[in-house]
Amino acid sequence: TTKKIAVLAGDGIGPEIVAQALRVVDALELDVTTEEALVGGAAYDAYGHPLPPETLALAKVADAVLFGAVGDWKYDKLERRLRPEQAILGLRKELGLFANLRPAICYPELTAASSLKPELVAGLDILIIRELTGDIYFGQPRGRRAAPDGAFAGADEAFDTMRYTRPEIERIAHVAFRAARGRNKRLTSVDKANVLETFQFWKDVVTEVHAEYPDVTLDHLYVDNAAMQLVRAPKSFDVIVTGNMFGDILSDEAAMLTGSIGMLPSASLDSSGKGLYEPSHGSAPDIAGRDVANPLATILSLAMLLRYSLDHADAANRVEAAVREVLASGHRTADIAGSGERAIGTRTMGDAVVAALGRT
Ligand code: NAI
Ligand code: MG
């Protein structure tokens, strides 16, 4: 049956970069349809809400969502529930997206952009899997409390609750073991089991799930050590799985190893194989509408969409090969152009990828 991609381009550079990804979809000539809807500030302007019912309904019936980016300074004064960024949180919740996959790849031609020495990052290709729905970000109770003796006029303390349930850990562990199986069969689970009961439990449950994946090698690392190893020897990792908070921090750290935000895709998956795919960067209002944004993070997000939600691994490989080819042949948008290298625009980069696809 024909698969359907919901296309939510959003704000800022969103429409420009998503347009290039859609040209790639066309060029692949797959049995796939696309349907667009408004999201973020664009949806607020048209319907008074960043995630209107029509958009949510489309996202729910589609097999996957290709998302651009949302947000603009002009919405800063809106109450929180109407701000563009709320659309992402709403989609995560409504679609049950619990696994965030962020690859960090350092293309040989772009090692100069990394924060690390070229020999440490050249050829880097790791995948960080972050749990999205639990941990200290959502655990109850949370709040502020006044001192019993009323010694202070306002609150006297604030608290959050770190918490994971067995099913939450099991389902993210399964995603991680399956991803490792599709790569180099090595998984590192990152925890803080030496100090936190929650993460001793995490480690125990991940170890139990490992029994179902005997072909994958599992090791465990404390998060402080993982943060060090990521800058000392990032290529020693392959797939990393961790909780919501540690994953938030480590995935941003890993992004800097690659040097260029315009190159980093991401996927957020549910338990049925459906997912939302978006570049890791935001709507970049500072460069919107000028045909200078790098569309490759979005095109690589499309490749993840094809691989993880549409079962088109071959097409995904072709897209990734095309991206490697355009980089190897010297195509650079401004964000990845070195000194003395000529920068091309968003659309011209799209042209180059489509042309490279024709050769794969
Ligand atoms: P940003 O990622 O949009 O931009 C940071 C810097 O990177 C800017 O200088 C921008 O020009 C540059 N940049 C980003 N993507 C690029 C690309 N594809 N090509 C070339 N350069 C690129 O982050 P910022 O400035 O903090 O946020 C801007 C807006 O985006 C805010 O409203 C924010 O809330 C929103 N945002 C949305 C996200 C999403 O839709 N998932 C994620 C992060 C931020
Ligand atoms: Mg973050």
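Reading the values: rules and limits
- Residues numbered from 1 in each chain as written.
- Chains lettered and ligands numbered in written order.
- Predicted model: local features only at pLDDT ≥ 70, side-chain atom pairs only at ≥ 80, totals over all residues.
- UniProt positions renumbered as here; feature names shortened; annotations may be inferred.
- Buried ≥ 20, exposed ≤ 12 C-beta atoms within 10 Å, placed from the backbone.
- Helix = DSSP H or I, 4+ residues; strand = E, 2+ residues; numbered from the N terminus.
- Pairing = 2+ DSSP bridges.
- Contact = placed C-beta atoms within 7 Å.
- Axes fitted to C-alpha atoms, helices over the stretch in contact; angles between N-to-C directions.
- Parallel < 35°, antiparallel > 145°, perpendicular 65-115°, else oblique.
- Left-handed = near helix turned anticlockwise from the far one by under 90°.
- Near = placed C-beta within 6 Å.
- Nonpolar A, V, L, I, M, F, W, Y, C, P; charged D, E, K, R; others polar.
- Domains from an automatic or database assignment.
- Right-handed = clockwise from strand over helix to strand, strands pointing away.

Focus on the UniProt feature "binding site: Mg(2+)" (unreviewed entry) in the protein chain
Taken from the UniProt record, the annotation "binding site: Mg(2+)" (unreviewed entry) applies to Asp224, Asp248 and Asp252. A residue is classified by how many C-beta atoms lie within 10 Å of it, and aspartate 248, with 16 of them, is partly exposed. Relative to the assigned elements, aspartate 252 resides in helix α9 (residues 244-258).

Describing the pairing of strand β10 (residues 239-242)
Every second residue of β10 is oriented toward a common face, with Val239 and Val241 on one face and Ile240 and Thr242 on the other, all of them buried. In terms of strand pairing, strand β8 (residues 186-191) meets β10 through three bridges, oriented parallel. Across the sheet, residue serine 189 finds its bridge partner in β10, namely valine 241.

As for the environment of isoleucine 17
Mapped onto the fold, isoleucine 17 is located in helix α1 (residues 14-28). According to the C-beta neighbour criterion, isoleucine 17 is buried, with 29 such atoms within 10 Å. Beyond its immediate chain neighbours, meaning those up to four positions away, isoleucine 17 contacts Gly68, Pro279, Ala293, Pro295, Thr298 and Thr346.

Some details on the packing of helix α6 (residues 166-181) against helix α7 (residues 197-210)
Remark: α6 packs on α7, axes separated minimally by 9 Å, with the N-to-C direction vectors making an angle of 50°. Between α6 and α7, the crossing angle belongs to the class labelled oblique. Like other packed secondary-structure pairs, α6 and α7 cross with a definite hand, here right-handed. Together, Arg166, Ile169, Glu170, Ala173, His174 and Phe177 of α6 and Trp202, Val205, Val206 and Val209 of α7 make up the contact between the two elements.

Examining the site of ligand 1
What surrounds ligand 1 is a group of 22 residues, the closest being Gly71, Gly262, His281, Gly282 and Asn294. The residue makeup of the shell around ligand 1, split by class, is eleven nonpolar, six polar and five charged.

A short note on the domain arrangement of the protein chain
Taken domain by domain, the protein chain holds domain 1 (1-98 + 270-360) and domain 2 (115-258). Taken over C-alpha atoms, the centre of domain 1 sits 26 Å from the centre of domain 2. Contacts between domain 1 and domain 2 engage five residues on the former and six residues on the latter. Of the residues in the side of domain 1 that touches domain 2, the class split is two nonpolar, two polar and one charged.

Describing the pairing of strand β1 (residues 3-10)
With six of eight residues buried, β1 is to be regarded as a mostly interior element. Pairing analysis gives five bridges linking β1 to strand β2 (residues 32-36), with the strands arranged parallel. Within β2, the position partnered with alanine 6 by the bridge is glutamate 35. Once you follow β1 into α1 and on to β2, the crossover reads as right-handed. Pairing geometry for β1 and strand β3 (residues 64-69), over five bridges, is parallel. Across the sheet, residue leucine 8 finds its bridge partner in β3, namely phenylalanine 67.

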